[in-house]
Amino acid sequence: MADLEEGFALTAVPLGSGPDGPLGVEQSDKTDQFLVTDSGRTVILYKVSDQKPLGSWSVKQGQIITCPAVCNFQTGEYIIVHDNKVLRIWNNEDVNLDKVFKATLSAEVYRIHSIQGTEPLVLFKEGAVRGLEALLAEPQQKIETVISDEEVIKWTKFFMVFRHPVLIFITEKHGNYFVYVQKFNSRILSKYTLLLGQEEKCVIQSFSTSVGRKFISLMSLSSDGCVYETLIPIHPSEPEKNQRLVQSQLLKSVVSGSARNGVALAILDQDHIAVLGAPLPASKECLSVWNTKFQTLQTSKELPQGTSGQLWYYGENLFMLHGKFLTVVPFKCEVSSLAGALGKLKHSQDPGIHATPHFVNWETSQGCGLGSQNSEQSKRILRRRKVEVSVQPEVPASTQLLATIQKDSEKHIEVELRKFLATKRTPDFHTIIGDVIIGLLGRCKAEPSFYPRNCLMQLVQTHVLSYSLCPGLMEFALEKTDVQILQLCLQQFPDIPESVTCACLKVFLSIGDDTLQDTDINMESVSDYMDPVQDGEMEGQTAFLQNGFSPEEDNCDSCAQKLKEKPQATADESTSCPVTTKRAALLNAVLHSAYSETFLLPHLKDIPAQHSTLFLQYLYFLYLKCSENATMTLPGTHPPTLSQIMDWICLLLDANFTVVVMIPEAKRLLLSLYKFVKSQISICSELNKIEVSFRELQKLNQEKNNRELYSIEVLELF
């Protein structure tokens, strides 16, 4: 017999995780504490018994967490991966993730696994696996490819079997599923082809595993609404050979076969599983517990606000997304018996005989770690990693190309570089490109007349570089005022320091229009909402326009009155951009760059007041363009988002308001911004009033179940 207790929302406010729910929920080194990673930028540590957060950490704006945070049980530290390749490690005493240990890896990470009794494992998207310590010793080491082309990892699990770590991951290719089992005591990787037991082709929507003494039980919830079981031998007869596994049906129609989203599966103990999903096509989603031994439904809880199809199980708590809140549902499973499965177990019996029997949990077994490193790992003390210059191991580049860079002409270097880029890329390709750029920049400093601009452009456009791989490139481009290279770097480098971002902004705002006219700029971010004819109009205005302002507006003491008398001014502003199209494309590259507000603000204060005002005018123009669409977005490829626009407006005003407010040319702009903020406050106030009314309507709607088939209702809204 099983029972689901009353659940509670773990988060105090709606969790900002997007439509797909949180990225992950992982247990901390304390039994009652869990790490919740949203699908954006934030990791929060919660204490479930107190229902409150203990700590929160976020990556910089523009960065995104791509791997759920886990706890290293050997050190008590936390580990995440953002932007697929950047690994961060911190502990409870750290506040800012920008100041914690950082390592840039050579391949994209799929998942980090960490359990008691062994060191964390890093699983890469190509199927390769590394221990954390071995990976940190050489972050740029070559990562081999294990899975075949077009094969995608769908699910993975890490657990202990007889005190030895085992990793299992499942891949999918063209509707076929493959199971990989990696044993670290013998270094054997076994591959199985999963044969689906259904007559028709179905999609597997969720997996879960449990471990016995001879087999790993792999359960799957398929798109036909049935639960299937596959037994994987712990000691296969031919581990090196690709073998086949056949599914057998365990439960039939536990969820609706038409449900494509919001379904999940979790094994609770040897006889009970939890299933998330709608039992009937027209019904609401439910959380239910099934007895697999007697194939009966034990209990069910309706989820009227819907769910994301994610289910985590730790101890006696189930974690799931209910509506917009991460919800914890405690449960109890008693000894499996026919009477209990049929709901006829006598409650007068001594409750002491109904202990909660979970089958042997090999995941929590203490024992050896990965190979011979365990004795050293057990003696390690807690590491305190702070931001330091990461010394990446040098990866040898092409000797021939580097020799050519040092002595040959610019044209010959360009030809040899094209040949090198046309060859097949190796796993250390990005470090080779970084070494080539460093070689070119070294010669540029030694020979001032040498500037292989085309070569640098080709190298940046390989899309494998970062600021840390070629730190001198952007500084050199700033010296040369090469805005085209600066734009490319801003668009592609995820780790540009705020001081360099601000230096680029100064150059973009101060460079002359004549210089920009002869420069090749990537215009895709502005092509769909800027009129090219406008550039010609602005050139004709250069006699009386200075940085977007007209001296005639110097005496703007009655701006407020003019705004009231001429409401069409806003419409005129929305169709007239204060900068040329090419300058707008450069400014958009700045808007897309990642930054930390704390480090950016001091540098923004160094921007001249007129340039700050010009940038504010452009940002306000973008906001008005967003307002023209119901979706509040700009058309085109990679345009600035409304959030980016508003964030930069706030940053500029915070940094330069006391200076900008003294400029007569900025009065109209500041008044417009004031009116905008005032209108937003009014809208929010009205929405809050409407929210109260909708809550009352929701309560009335919930009471309809108690009424007859026909009724007349009068609802009064105040």
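Scroll up for the structure.
Small disclaimer: the values here were computed from a predicted structure and weren't measured. (Residues numbered from 1 in each chain as written. Predicted model: local features only at pLDDT ≥ 70, side-chain atom pairs only at ≥ 80, totals over all residues. Heavy atoms only, no water.)

Caption draft 1: Just the overall build of the chain, in detail. The secondary structure content of the chain amounts to 19 helices and 29 strands. Counting all 718 residues of the chain, 50% fall into the buried class. The long-range share in the chain, meaning contacts at least 24 apart out of those at least 6 apart in sequence, stands at 59%. Carbon and sulfur atoms form 52% of the exposed surface of the chain, whose accessible area is close to 35,500 Å². (Helix = DSSP H or I, 4+ residues; strand = E, 2+ residues; numbered from the N terminus. Buried < 20%, exposed > 50% of the residue type's maximum accessible area, 1.4 Å probe, protein only. Contact = heavy atoms within 4.5 Å. Areas by Shrake-Rupley, 256 points an atom, 1.4 Å probe, with all protein chains shown as cover.)

Caption draft 2: Just the pattern of salt bridges, in detail. Overall, the coordinates contain 12 salt bridges when judged by the stated rule. Its salt-bridge partner being Arg111, residue Glu26 comes within 2.3 Å of it at the nearest N-O pair. In this pair, Glu26 sits in strand β3 (residues 24–27) while Arg111 sits in strand β11 (residues 109–113), placing the two residues 85 residues apart along the sequence. (Salt bridge = Lys/Arg side-chain N within 4 Å of Asp/Glu carboxyl O.)

Caption draft 3: Representation of the pairing of strand β26 (residues 296–302) in the model. Taken together, the six bridges between strand β25 (residues 286–291) and β26 define a ladder with antiparallel strand orientation. Each bridged residue has a counterpart across the sheet, and for Asn291 the counterpart in β26 is Thr296. (Pairing = 2+ DSSP bridges.)

Caption draft 4: Spatial organisation of the side chain of Lys60. Looking at the element boundaries, Lys60 is found in the loop between β6 (52–58) and β7 (65–72). Setting aside residues up to four positions removed in sequence, Lys60 forms contacts with Arg41, Asp98, Ile496, Glu498, Ala594, Tyr595 and Ser596.

Caption draft 5: Spotlight on the packing of helix α9 (residues 483–492) against helix α15 (residues 581–592). Interaxial distance between α9 and α15 falls to 8 Å at its minimum, and their mutual angle equals 30 degrees. In this structure, the crossing between α9 and α15 has a hand that is left-handed. Judged by residue contacts, Val483, Gln487, Leu490 and Gln491 of α9 engage Ala585, Leu586, Ala589 and Val590 from α15. For the contact of α9 with α15, the class distribution of residues is six nonpolar, two polar and no charged. (Axes fitted to C-alpha atoms, helices over the stretch in contact; angles between N-to-C directions. Left-handed = near helix turned anticlockwise from the far one by under 90°. Nonpolar A, V, L, I, M, F, W, Y, C, P; charged D, E, K, R; others polar.)

Caption draft 6: View of the sheet that holds strand β16 (residues 176–183). Strand order in the open sheet formed by five strands is β14-β15-β16-β17-β21, with mixed pairing between adjacent strands. Each edge of the sheet is formed by a strand with only one pairing partner; in this case those strands are β14 (152–161) and β21 (243–246). The sheet shows a mean angle of 25 degrees between the axes of neighbouring strands, direction not considered. Relative to strand β15 (residues 164–173), β14 is paired through nine bridges, and the arrangement is antiparallel.

Caption draft 7: Just the packing of aromatic side chains, in detail. As enumerated under the stated definition, the model contains 17 aromatic pairs in all. Taking 4.8 Å as the distance between ring centres and 50 degrees as the angle between the ring planes, the aromatic pair formed by Phe34 and Phe319 counts as tilted. On the criterion of sequence distance, the pair formed by Phe34 in strand β4 (residues 33–37) and Phe319 in strand β28 (residues 317–322) is long-range, its members being 285 residues apart. Phe319 sits in the buried class, given a relative accessible area of 0%. Aromatic side chains Tyr314 and Phe319 sit 6.1 Å apart centroid to centroid with 75 degrees between the ring planes, which places their arrangement in the edge-to-face category. Between Lys191 and the ring centre of Phe178, over which it is positioned, the NZ or CZ distance is 4.9 Å. When the ring centre of Tyr451 is taken as reference, the NZ or CZ atom of Lys480 above it lies at 5.3 Å. (Phe/Tyr/Trp six-rings, centres within 6.5 Å; stacked < 30°, edge-to-face > 60°. Lys NZ or Arg CZ within 6 Å of the ring centre and 35° of its normal.)

Caption draft 8: Spatial organisation of helix α7 (residues 453–460). Among the eight residues that make up α7, six are buried, leaving the element largely enclosed by the rest of the structure. Those residues of α7 lying buried are Cys455, Leu456, Met457, Gln458, Leu459 and Val460. Considering only its buried residues, α7 is in contact with α5 (410–422), α6 (429–446), α8 (472–480) and α9.

Caption draft 9: Main features of unusual backbone geometry. Positive phi is not limited to glycine here, since Arg163 has a value of about 65 degrees. By secondary structure assignment, the location of Arg163 is in the loop between β14 and β15. In this model, Ser253 sits at a positive phi of 55 degrees, which is unusual for a non-glycine residue. Here Ser253 is to be found in the loop between β22 (248–251) and β23 (264–267).

Caption draft 10: Representation of the pairing of strand β29 (residues 325–333). Among the nine residues of β29, seven are classified as buried, and the element is accordingly described as predominantly covered. By the bridge criterion, two bridges tie strand β2 (residues 8–9) to β29 in an arrangement that is antiparallel. By the bridge assignment, Phe8 is partnered in β29 with Val328. Judged from the six bridges that link them, β28 and β29 form a sheet pairing that is antiparallel. Counted as the bridge partner of Phe319 is Val328 from β29.

Caption draft 11: Geometry of the nonpolar core. Core analysis: the biggest nonpolar cluster contains 87 residues, and Met474, Phe508, Leu604, Phe615, Tyr618 and Trp648 have the highest contact counts within it. When residues in this core are grouped by element, the largest group, 12 residues, is from helix α17 (residues 609–627). In this structure, Phe615 is in contact with Leu505, Leu509, Leu587, Leu591, Trp648 and Leu652, ignoring residues within four places of it in sequence. (Core = buried A, V, L, I, M, F, W, Y, C linked by side-chain atoms within 4.5 Å.)

Caption draft 12: Representation of the sheet that holds strand β9 (residues 86–90) in the model. Taking strand neighbours across the sheet as the criterion, the four strands line up as β7-β8-β9-β10 in an open arrangement whose pairing is antiparallel. Edge strands, defined here as strands with exactly one partner in the open sheet, are β7 and β10 (101–104). Sheet twist, expressed as the mean angle between neighbouring strand axes with direction ignored, is 15 degrees. With four bridges connecting them, β9 and β10 associate as antiparallel partners. Considered in β10, the bridge of Ile89 is made with Phe101.

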